[in-house]
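Each chain is listed here by its residues.
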Amino acid sequence: MYLVAVDSGKCESCEECVNVCPQGVFRMVDSKSDPYQTSECVFCESCIGVCPSEAIKITEM
Ligand code: SF4
Ligand code: SF4
């Protein structure tokens, strides 16, 4: 199981992580990415690849 975290201070509100994640992990809340379904993450790393500001960190639990 993976823990997905977004540094809201780094998030540029581009929504690319929301669009690219095949598991629907992310949603936007107050113009920032919120990884509210972190338990669905399969560690494909797509979100890390598209994020322009390295705001997303994923750790194995
Ligand atoms: S690593 Fe893949 S499955 Fe996990 S949050 Fe990022 S895009 Fe979604
Ligand atoms: S891809 Fe990165 S900058 Fe863009 S909304 Fe997601 S966390 Fe924020």
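Computed from a prediction, not measured in an experiment: that's the story for all the values here. (Residues numbered from 1 in each chain as written. Chains lettered and ligands numbered in written order. Predicted model: local features only at pLDDT ≥ 70, side-chain atom pairs only at ≥ 80, totals over all residues.)

Peer 1: Honestly, the overall build of the chain in this entry has me stumped. Any pointers?
Peer 2: Looking only at helices and strands, the chain has two helices and four strands in total. Each helix and strand of the chain, ordered N terminal to C terminal, gives the series β-α-β-β-α-β. In terms of C-alpha radius of gyration, the chain reaches 10 Å, essentially the compact-globule figure of 10 Å for 61 residues. Expressed as lengths along the three principal axes of its C-alpha atoms, the size of the chain is roughly 25 × 15 × 15 Å. The contacts of the chain with a sequence gap of at least 6 include a subset with a gap of at least 24, amounting to 57%. (Helix = DSSP H or I, 4+ residues; strand = E, 2+ residues; numbered from the N terminus. Rg over C-alpha atoms; globule rule 2.2 N^0.38 Å. Contact = placed C-beta atoms within 7 Å.)

Peer 1: Looking at this structure, how should I read the nonpolar core?
Peer 2: As a rule of thumb, soluble globular proteins bury nonpolar side chains together. The biggest cluster of nonpolar side chains holds eleven residues, and these are Val4, Val6, Cys11, Cys17, Cys21, Val25, Phe26, Cys41, Cys47, Ala55 and Ile56. Ignoring anything within four residues of it in the chain, the contact list for Val25 reads Val4, Pro35, Gln37, Thr38, Glu40 and Cys41. (Core = buried A, V, L, I, M, F, W, Y, C linked by C-beta atoms within 7 Å. Buried ≥ 20, exposed ≤ 12 C-beta atoms within 10 Å, placed from the backbone.)

Peer 1: Looking at this structure, I do not really get the site of ligand 2. What am I missing?
Peer 2: Near ligand 2 you find 15 residues, and of these Cys11, Cys14, Cys17, Ser33 and Cys51 are the closest. Across the shell around ligand 2, the residue classes break down as nine nonpolar, three polar and three charged. (Near = placed C-beta within 6 Å. Nonpolar A, V, L, I, M, F, W, Y, C, P; charged D, E, K, R; others polar.)

Peer 1: Sorry, what's going on with the site of ligand 1 here?
Peer 2: Around ligand 1 sit 14 residues in total, of which Cys21, Val25, Cys41, Cys44 and Cys47 are the nearest. Here the shell around ligand 1 is composed, by residue class, of eleven nonpolar, two polar and one charged.

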